[in-house]
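# Analysis of the macromolecular model
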There are 2 protein chains.
Amino acid sequence: MNDNKGKKTCQAWARLMRVSTKLLQDIELDLKAANLPSLDWYDVLLEVRNAQPNWLRPVDIQQKMLIQQYNISRLIERLVKEGLVTRKSCDCDKRGQYIVLEPAGHDLLNKMWPIYKAAIDRHFGDKLNVGEVSSLTQILSKL
Amino acid sequence: MNDNKGKKTCQAWARLMRVSTKLLQDIELDLKAANLPSLDWYDVLLEVRNAQPNWLRPVDIQQKMLIQQYNISRLIERLVKEGLVTRKSCDCDKRGQYIVLEPAGHDLLNKMWPIYKAAIDRHFGDKLNVGEVSSLTQILSKL
DNA sequence: AATATATAGATGCATCTGCATGTAATGTCA
DNA sequence: TGACATTACATGCAGATGCATCTATATATT
């Protein structure tokens, strides 16, 4: 039988995995080379900042980031330990808590962004033209 | 200033990360639901089989899979423990070793593939038409 | 050949993740 | 209201990963 689409699909899948893994590795390496923490710290802090003036709860962040409950729990634990965020008790639901961005967290975001941005450009953006970028976005949006 | 490409690039980057992470999670979940091991086991076994009739060395697999040396070392350790591959001493370089696919490894590949294939289709292939698949492949090939 | 350098692979230790489960608070429904 | 199910978050334990380093062999340099 001639399962042409099947073959092409698997090839595309393999390439997608390979490329995204490699890109992530390379970009994380750039951050590490600048003595900056990894992207998941950035993502949490950014979500918290973007939600301002509202506060997010761990469960909100977890859903936005598509990670496991226990992972966000411990990730926040580390951020708290570094003074980047604090926990604030949540009156409307005593099981819960709000995550508050501290100045140190805000500063870290600002410090990471230029490096992160440059890495995205270097490893990703610079290799595609505008048409390819929007075409990629459009295709990915179907997934 | 009007950095339109910059914005689009970051958006595409974010979507690429989000989509690839989600796809990987979903497909790994399908494997786990079928009581099968994770994709990195599959990848190692597949590389070893594809290289036949030649044998691969850990360092070869490591390069093909873009993972760290200590990770491939331990991954192979687990595969050996499960009887999926064996190590064979390497005459031409006494530091090295060959990785030999055992029947159990071959069987596991055959058992995983239908599930893996179905998961790729369900979460990825079925959501794109042929044109999108080749366009995606083409764009990713530039990265 | 003798020495220095590089490469293949393993491993101790700390950190991180997955899984199962625990605790406490909330929501549901008779 | 009381009993039961659900949700938010934390955590003990086992397994996986990152980092640095070790051993052994191979290669390059003189």
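Structure report, in brief. (Residues numbered from 1 in each chain as written. Chains lettered and ligands numbered in written order. Predicted model: local features only at pLDDT ≥ 70, side-chain atom pairs only at ≥ 80, totals over all residues. Heavy atoms only, no water.)

### A word on the protein's contact with DNA strand C
Quick note on the threshold: Working definition: residue near molecule or strand if any one of its non-hydrogen atoms lies within 4 Å of it. Here a polar contact is taken to be a pair of N or O atoms separated by no more than 3.5 Å, where protein atoms must pair a possible hydrogen donor with a possible acceptor and residues adjacent in sequence count only if both atoms sit in side chains. In DSSP terms, a helix is any run of H or I states spanning at least four residues, a strand is any run of E spanning at least two, and both are numbered starting from the N terminus. Residues are sorted three ways: Asp, Glu, Lys and Arg are charged, Ala, Val, Leu, Ile, Met, Phe, Trp, Tyr, Cys and Pro are nonpolar, and all the rest, Gly among them, are polar.
The environment of DNA strand C is made up of 19 residues, and the closest members are Asn71(A), Lys32(B), Val59(B), Ser73(B) and Arg95(B). Near the protein, meaning within 4 Å, the atoms of DNA strand C are sugar or phosphate in a fraction of 62%, with bases accounting for the rest. Here Arg78(A) contributes a side-chain N or O atom positioned 3.2 Å from a phosphate oxygen of DNA strand C. One nitrogen or oxygen atom from the side chain of Arg57(B) is found 3.2 Å from a sugar or linking oxygen belonging to DNA strand C. At the level of elements, helix H4 (69-81) of chain A together with helix H3 (58-65) and helix H4 (69-81) of chain B are the ones that each hand at least two residues to the surface near DNA strand C. When the residues that make up the surface near DNA strand C are grouped by side-chain class, the tally is four nonpolar, five polar and 10 charged.

### Quick look at the environment of Gln97(A)
Residue and element names in this part refer to chain A. Put simply, the rule is: For this analysis, residues touch if any pair of their heavy atoms sits within 4.5 Å.
Within the secondary structure, Gln97 sits in strand E2 (residues 97-101). In this structure the C-alpha to C-alpha distance between Gln97 and Arg87, which are 10 residues apart in sequence, comes to 6.2 Å. Beyond its immediate chain neighbours, meaning those up to four positions away, Gln97 contacts Leu56, Arg57, Pro58, Arg87, Lys88 and Cys90. A polar contact of 3.0 Å, which involves the side chain of Gln97, links it to the side chain of Arg87.

### Description of the packing of aromatic side chains
What counts here: Stacked, tilted and edge-to-face are the three classes applied to pairs of Phe, Tyr and Trp rings, where Trp contributes its six-membered ring and a pair requires centres within 6.5 Å; stacked means planes under 30 degrees apart, edge-to-face means over 60, and tilted covers the rest. Burial classes: relative accessible area under 20% of the type maximum marks a residue as buried, over 50% as exposed, and values in between as partly exposed (1.4 Å probe, protein chains only).
For the structure shown, the criterion picks out 10 aromatic pairs over all chains. When the ring of Tyr42(B) is compared with that of Tyr116(B), the centres are 5.1 Å apart and the planes differ by 80 degrees; the resulting orientation is edge-to-face. Of this pair, Tyr42(B) sits in helix H2 (residues 39-51) while Tyr116(B) sits in helix H5 (residues 103-123), and the two are 74 residues apart along the sequence. For Tyr42(B), a relative accessible area of 4% translates into the label buried. These aromatic residues form a ring-pair network of at least three members: Tyr42(A), Trp113(A) and Tyr116(A).

### As for the protein's contact with DNA strand D
Residues in close proximity to DNA strand D total 19 residues, the closest being Lys32(A), Ser73(A), Arg95(A), Tyr70(B) and Asn71(B). Of all atoms in DNA strand D that approach within 4 Å of the protein, 59% are sugar or phosphate atoms. One nitrogen or oxygen atom from the side chain of Arg74(B) is found 3.0 Å from a base oxygen belonging to DNA strand D. The contact in question runs from a phosphate oxygen of DNA strand D to an N or O atom on the backbone of Lys94(B), over 2.9 Å. Those elements that place two or more of their residues in the surface near DNA strand D are helix H3 (58-65) and H4 of chain A together with H4 of chain B. Partitioned by chemical class, the residues of the surface near DNA strand D number four nonpolar, five polar and 10 charged.

Keep in mind these numbers describe shape, not what the thing actually does.
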